[in-house]
Amino acid sequence: MIGMQILNGLQVGSIYALVALGYTMVYGIILLLNFAHGDIIMVGAYISWLCLVQLGIGPIPAIIATIIVCTLLGIVIEKLAYAPLRNAPRLSLLITAIGVSYFLENCAQLIFGADAKVLPNFFEVSSSEFMGLPISTVAVITIVVTGISCAVLTLLVKKTKLGAAMRAVSEDMGAARLMGINVNTVISFTFALGCVLAGIGSVLYSMAYAQASPTMGVMLGTKAFVAAVLGGIGSIPGAVIGGLVVGFAEVLVSACGLSVWKDAIVFLLLIIVLVVKPTGILGKPINEKV
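Here the residue numbering is sequential within each chain, running from 1 through the sequence in written order. Confidence filtering applies because this is a predicted model: local features only for residues at pLDDT of at least 70, side-chain atom pairs given and counted only at 80 or more, and all residues used for totals across whole chains, interfaces and linings. With hydrogens and water set aside, each side-chain value is computed from the structure's full complement of heavy atoms.

Per an unreviewed UniProt entry, the protein goes by the name Branched-chain amino acid ABC transporter, permease protein and belongs to Fannyhessea vaginae DSM 15829. Looking at the Sequence similarities (unreviewed entry) heading of the UniProt record, one finds this comment for the protein: "Belongs to the binding-protein-dependent transport system permease family. LivHM subfamily." UniProt positions are given in the numbering used here, feature names are shortened, and annotations may be inferred rather than shown by experiment.

Structure (structure tokens):
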């Protein structure tokens, strides 16, 4: 029983970690809390439903289409909604992000209706036993894909020229511009990369819960944001740790028969961490210039 709960915690936490990475990357570059991130995942779930149910194409093309659409949608949102406000106060960007979130939710409800759409399995779901513990194929895929995504992202940020440019823009946008870095390109690439992660997260979430609804991204995005803050927003390892903490908290509370309280526990954890360590588990204090 304990082993099963650990596996469930890893699966749920991996999804939150993947979504939290999208939040933390965008915030790390331009200090924007992209509250539309969860709704991009919702759009991805509907794209998967369209591909699998309406168009009848195979799972691999459906996954590729989902990731591509999420990426393109993120780029369009950044260019139309956020880029014109690049020099505006942060509050304007925050309000715009909330507006984009509501816009996507209402568009989805207008196009697909308010009822949830049931997604078929991407692959044949099977389970095997390891040391007497039943292991779900979906759980294994989720954990492995999240691990690979985090490793690739870390290598990209730490070991490539583009990653160095991203770190430079994150440290000082003005100085990066003076050094010849195309700041707008770096920001657009960061948004695109975050939305690639959102597309992957959308597929994994759809595999685990097999449904799409207009408001599905709200709580998922909020909990992923909580995970990013818990781990230290702006930190890639922090996002992973925060996601796992949130996932295990939910699973443990549900295992105790208090599943109705699992959302409340997540936000209680956030309050406790912010009181004890406001920067998060791996976050660093930011000194503001005056």
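Relative to each other, helix 9 (residues 216-231) and helix 10 (residues 236-255) sit at 120°, their axes nearing to 7 Å. Overall, the two elements helix 9 and helix 10 adopt an arrangement that is oblique. Handedness of the helix 9/helix 10 crossing: right-handed. Each of Lys223, Val226, Ala227, Leu230 and Gly231 in helix 9 lies in contact with helix 10, whose residues at this interface are Gly238, Gly242, Gly243, Val245, Val246 and Glu250. Note on residue classes: Ala, Val, Leu, Ile, Met, Phe, Trp, Tyr, Cys and Pro are nonpolar, Asp, Glu, Lys and Arg are charged, and everything else, Gly too, is polar. Partitioned by chemical class, the residues of the contact of helix 9 with helix 10 number five nonpolar, four polar and two charged. All axes here are fitted lines through C-alpha atoms, helices being fitted over the stretch that makes contact, and every angle between N-to-C directions spans 0 to 180 degrees. Comment: elements are numbered from the N terminus, with helices defined as DSSP H or I runs of at least four residues and strands as E runs of at least two. Each angle receives one of four descriptions, namely roughly parallel if under 35 degrees, roughly antiparallel if over 145, roughly perpendicular if within 65 to 115, and oblique otherwise. Crossings are sorted by hand: turned counterclockwise from the far helix by less than a right angle, the near helix makes the crossing left-handed, and turned clockwise it makes it right-handed. Contacts: residue pairs with any heavy atoms within 4.5 Å of one another.

This paragraph deals with the side chain of threonine 24. On the secondary structure map, threonine 24 appears in helix 1 (residues 2-30). Apart from the residues within four sequence positions on either side, threonine 24 is in contact with Gly232, Ile233, Gly234, Ser235 and Ala239.

To estimate the expected span of a helix, subtract one from its residue number and multiply by 1.5 Å. With 23 residues, helix 5 (residues 137-159) extends 32 Å between its outermost C-alpha atoms, agreeing within 8% with the 33 Å of an ideal straight helix rising 1.5 Å per residue. The classification of residues rests on relative accessible area computed with a 1.4 Å probe and restricted to protein chains. Under 20% of the type maximum is buried, over 50% is exposed, and intermediate values are partly exposed. Restricting attention to buried positions, one finds in helix 5 the residues Val138, Ala139, Thr142, Thr146, Ser149, Cys150, Leu153 and Val157.

To continue, consider unusual backbone geometry. Even without glycine at this site, alanine 210 takes up a positive phi of about 55°. When you line up the elements, alanine 210 lands in the loop between helix 8 (183-209) and strand 4 (211-212).

Here is the rule: rings of Phe, Tyr and Trp (six-membered ring for Trp) pair when centre to centre is within 6.5 Å. Planes less than 30 degrees apart are stacked, more than 60 are edge-to-face, and the remainder are tilted. A complete count under the given rule lists six aromatic pairs for this structure. When the ring of tyrosine 46 is compared with that of phenylalanine 112, the centres are 4.2 Å apart and the planes differ by 5°; the resulting orientation is stacked. With a gap of 66 residues between them, tyrosine 46 in helix 2 (residues 37-54) and phenylalanine 112 in helix 4 (residues 90-112) connect regions that are remote in the sequence. One exposure class covers both tyrosine 46 and phenylalanine 112, and it is buried.

Attention shifts here to a nonpolar patch on the surface. Two distance rules govern patches: like charges are joined within 9 Å, and nonpolar side chains (Val, Leu, Ile, Met, Phe, Trp, Tyr) within 5 Å, applied only to residues with over 30% relative accessible area and no salt bridge. Note on areas: these come from Shrake-Rupley sampling with a 1.4 Å probe, and a residue is covered only by the protein chains present in the view. Only one rule defines a salt bridge in this text: a Lys or Arg side-chain nitrogen within 4 Å of an Asp or Glu carboxyl oxygen. Together, Ile60, Ile64, Ile68, Leu72 and Phe123 line one region of the surface with nonpolar side chains, adding up to about 460 Å² of accessible area. For leucine 72, the position within the fold is in helix 3 (residues 59-82).

Topologically, alanine 264 is positioned in helix 11 (residues 262-276). In the structure, alanine 264 is positioned 14 residues away from glutamate 250 in sequence and 9.5 Å away in space, judged by C-alpha atoms.

The next subject is the nonpolar core. Note on soluble globular proteins: their nonpolar side chains tend to be buried together. By size, the foremost hydrophobic cluster in this structure holds 77 residues, and its most contacted members are Leu21, Ile40, Ile77, Tyr82, Phe122 and Leu153. Top contributing element to this core by residue count: helix 8, with 13 residues. Discounting residues that sit within four places of it in the chain, isoleucine 40 has contacts with Cys70, Leu73, Gly74, Ile77, Leu104, Cys195 and Ala198. Only buried Ala, Val, Leu, Ile, Met, Phe, Trp, Tyr and Cys residues count toward a nonpolar core, and they belong to the same one when joined by side-chain atoms within 4.5 Å.

Relative to the 22 Å expected for 16 residues at 1.5 Å per residue, helix 9 spans 23 Å between its end C-alpha atoms, a close match to the ideal helical length. For helix 9, a buried count of 13 out of 16 residues is recorded, marking the element as mostly surrounded by other parts of the structure. Phi turns positive, to about 110°, at glycine 232, one or two residues after helix 9.

On to the packing of helix 9 against helix 11, then. Where helix 9 contacts helix 11, the two axes come as close as 10 Å, and the packing angle between them is 25°. For the element pair helix 9 / helix 11, the angle class is roughly parallel. The handedness of the crossing between helix 9 and helix 11 comes out as left-handed. Of helix 11, the residues touching helix 9 (which contributes Met219, Thr222, Lys223, Val226, Val229 and Leu230) are Asp263, Val266, Phe267, Leu269, Leu270, Val273 and Leu274. In the contact of helix 9 with helix 11, the residues fall into ten nonpolar, one polar and two charged.

Attention now moves to the pattern of salt bridges. Applying the stated criterion to the full structure yields three salt bridges. One salt bridge in this structure joins lysine 117 and aspartate 115, with 3.6 Å as the shortest N-O distance. Taking the shortest distance from any N to any O, the salt bridge between glutamate 250 and lysine 223 comes out at 2.4 Å. Residue glutamate 250 is located in helix 10, and its partner lysine 223 is located in helix 9; the two are separated by 27 residues in the primary sequence. Among the residues examined, lysine 223 registers a relative accessible area of 4% and is labelled buried. Among the charged side chains, a network of salt bridges with common partners joins Lys223, Glu250 and Asp263.

Let's shift gears to the UniProt feature "transmembrane region" (unreviewed entry) in the protein. UniProt's feature table lists "transmembrane region" (unreviewed entry) at residues 12-33, 63-81, 93-112, 132-157, 178-205 and 225-253, given in the numbering used throughout. For residues 93-112, the end-to-end C-alpha separation is 28 Å, with 100% helix and 0% strand making up the annotated structure.

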